[in-house]
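# Coordinate analysis (summary)
What follows is each chain in one-letter form.
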Amino acid sequence: MKVAFLKRLYENKIFSQGQLTQFAYTLAEFGNLPITDLGIIMHQKSAGVETSTRCTVTDLINICEIGKTMSCLAFHSSLNIIKLRFKLNPQAMTITYNIKGDIENAHQIVFLTENILGLTRYSEQTQSSKQDFFEIEEPLFDLMQQVYEKETKNSDGSFDEYFNQVIKMRCQERIDDLKNIVLLQPRGGKAE
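Described in the following lines is the structure provided in the data block. Given the structure is predicted, the values throughout are model-derived calculations rather than measurements.

Counting its secondary structure elements, the protein contains four helices and seven strands. The helix and strand sequence of the protein, counted from the amino end, reads β-α-β-β-β-β-β-α-β-α-α. Surface summary for the protein: the accessible area is close to 11600 Å², and the carbon and sulfur share equals 52%.

In the contact formed by helix H1 (residues 19-30) and helix H2 (residues 103-116), the axes pass within 10 Å of each other and the chain directions differ by 160°. One finds that H1 runs roughly antiparallel with respect to H2. The two elements H1 and H2 cross, and the hand of that crossing is right-handed. Where H1 abuts H2, its residues Gln19, Gln22, Phe23, Thr26, Leu27 and Phe30 lie against Asn105, Gln108, Ile109, Leu112, Thr113 and Ile116. Among the residues making up the contact of H1 with H2, the classes are represented as six nonpolar, six polar and no charged.

If you walk through the whole model with that rule in mind, you get two salt bridges. Glu114 is the partner of Arg8 in a salt bridge, and the nearest nitrogen-oxygen pair spans 3.3 Å. Of the two residues, Arg8 sits in strand E1 (residues 2-10) while Glu114 sits in helix H2, which places them 106 residues apart along the sequence. Both residues of the pair, Arg8 and Glu114, count as buried. Two residues, Glu114 and Arg121, come together in a salt bridge whose shortest N-O distance is 2.9 Å. Judged by relative accessible area, Arg121 falls into the buried class, the value being 13%.

This next bit is on unusual backbone geometry. A positive phi is found at Asn32, a non-glycine position, where the angle reads about 55°. Tracing the backbone shows Asn32 in the loop between H1 and strand E2 (38-46).

A few words now on the pairing of E2. Bridging between E2 and strand E4 (residues 72-77) involves six bridges; their strand directions are antiparallel. Each bridged residue has a counterpart across the sheet, and for His43 the counterpart in E4 is Cys72. Two strands pair when backbone bridges link them, and E2 and strand E3 (residues 49-55) are joined in this way by seven bridges, in the antiparallel orientation. Directly across from Ser46, in E3, lies its bridge partner Val49. Where E2 folds back onto E3 in an antiparallel hairpin, the turn is made up of two residues, including Ala47, whose phi is positive at roughly 55°.

Quick look at H1 now. For H1, which comprises 12 residues, the first-to-last C-alpha distance of 16 Å matches the rise-based estimate of 16 Å (1.5 Å per residue) to within 8%. Residues of H1 that are buried include every one of Gln19, Leu20, Thr21, Phe23, Ala24, Leu27 and Ala28, and no others.

Before going further, it helps to spend a moment on the environment of Leu20. By the element assignment, Leu20 lies in helix H1. The class of Leu20 is buried, set by a relative accessible area of 0%. It is 9.8 Å that separates the C-alpha atoms of Leu20 and Glu65, two residues lying 45 residues apart in sequence.

A few words on the nonpolar core. Within the largest apolar cluster, 33 residues are counted, with the highest numbers of intra-cluster contacts made by Ile40, Leu60, Leu73, Phe75, Phe86 and Tyr97. At the level of secondary structure, the elements contributing two or more residues to this core comprise E1, H1, E2, E4, strand E6 (93-100) and H2. Membership of the second largest hydrophobic core comes to six residues, among which are Val3, Phe5, Ile136 and Phe141.

Here the focus is the side chain of Arg121. Positionally, Arg121 belongs in the loop between H2 and strand E7 (134-137). Looking at Arg121, its side chain comes within polar contact range of the side chain of Glu114, at 2.9 Å.

Rules used in this analysis
Residues numbered from 1 in each chain as written. Predicted model: local features only at pLDDT ≥ 70, side-chain atom pairs only at ≥ 80, totals over all residues. Heavy atoms only, no water. Helix = DSSP H or I, 4+ residues; strand = E, 2+ residues; numbered from the N terminus. Areas by Shrake-Rupley, 256 points an atom, 1.4 Å probe, with all protein chains shown as cover. Axes fitted to C-alpha atoms, helices over the stretch in contact; angles between N-to-C directions. Parallel < 35°, antiparallel > 145°, perpendicular 65-115°, else oblique. Left-handed = near helix turned anticlockwise from the far one by under 90°. Contact = heavy atoms within 4.5 Å. Nonpolar A, V, L, I, M, F, W, Y, C, P; charged D, E, K, R; others polar. Salt bridge = Lys/Arg side-chain N within 4 Å of Asp/Glu carboxyl O. Buried < 20%, exposed > 50% of the residue type's maximum accessible area, 1.4 Å probe, protein only. Pairing = 2+ DSSP bridges. Expected span 1.5 Å × (residues − 1). Core = buried A, V, L, I, M, F, W, Y, C linked by side-chain atoms within 4.5 Å. Polar contact = N/O pair within 3.5 Å; in protein donor to acceptor, adjacent residues only side chain to side chain.

Okay, structure coming up:
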């Protein structure tokens, strides 16, 4: 099985009362999970220290804004089907999707998230396509999480940032390799 990874920017938003609760129920239903198997984690930053608190779906009823009282709100399933991370930055709200399954499943979760929460994609972002998603084999994804946890016990960075950095580095290596191959090709022919 593969893990689809997507990071998308949305316009900042204040949610209506109960909107995040409705989203949690819909997400659990989509993943065919009991609502108690959906982990909801609230991250708060104070004096440079980030703390994480597990919430219940009823705790979400009065949460309408991400960024003031909390720095991030994450939804996880115990079956690792869906991992969404909502994070507010000064310009936009970032949602990172880590979704176990095929691209079609990932498209459905993005569609569900955007519609239930009434999200507007930031600036010129267009409809999602297969090229928007990065797929990685699940064992490699799990290994990257283990390496991240081992190397960053006392770090402020998130796994999403680490994952992006590793992927960008690997893609740049591939681009550099392809450039070298093109440079080694004789004019008008193929490399031998």
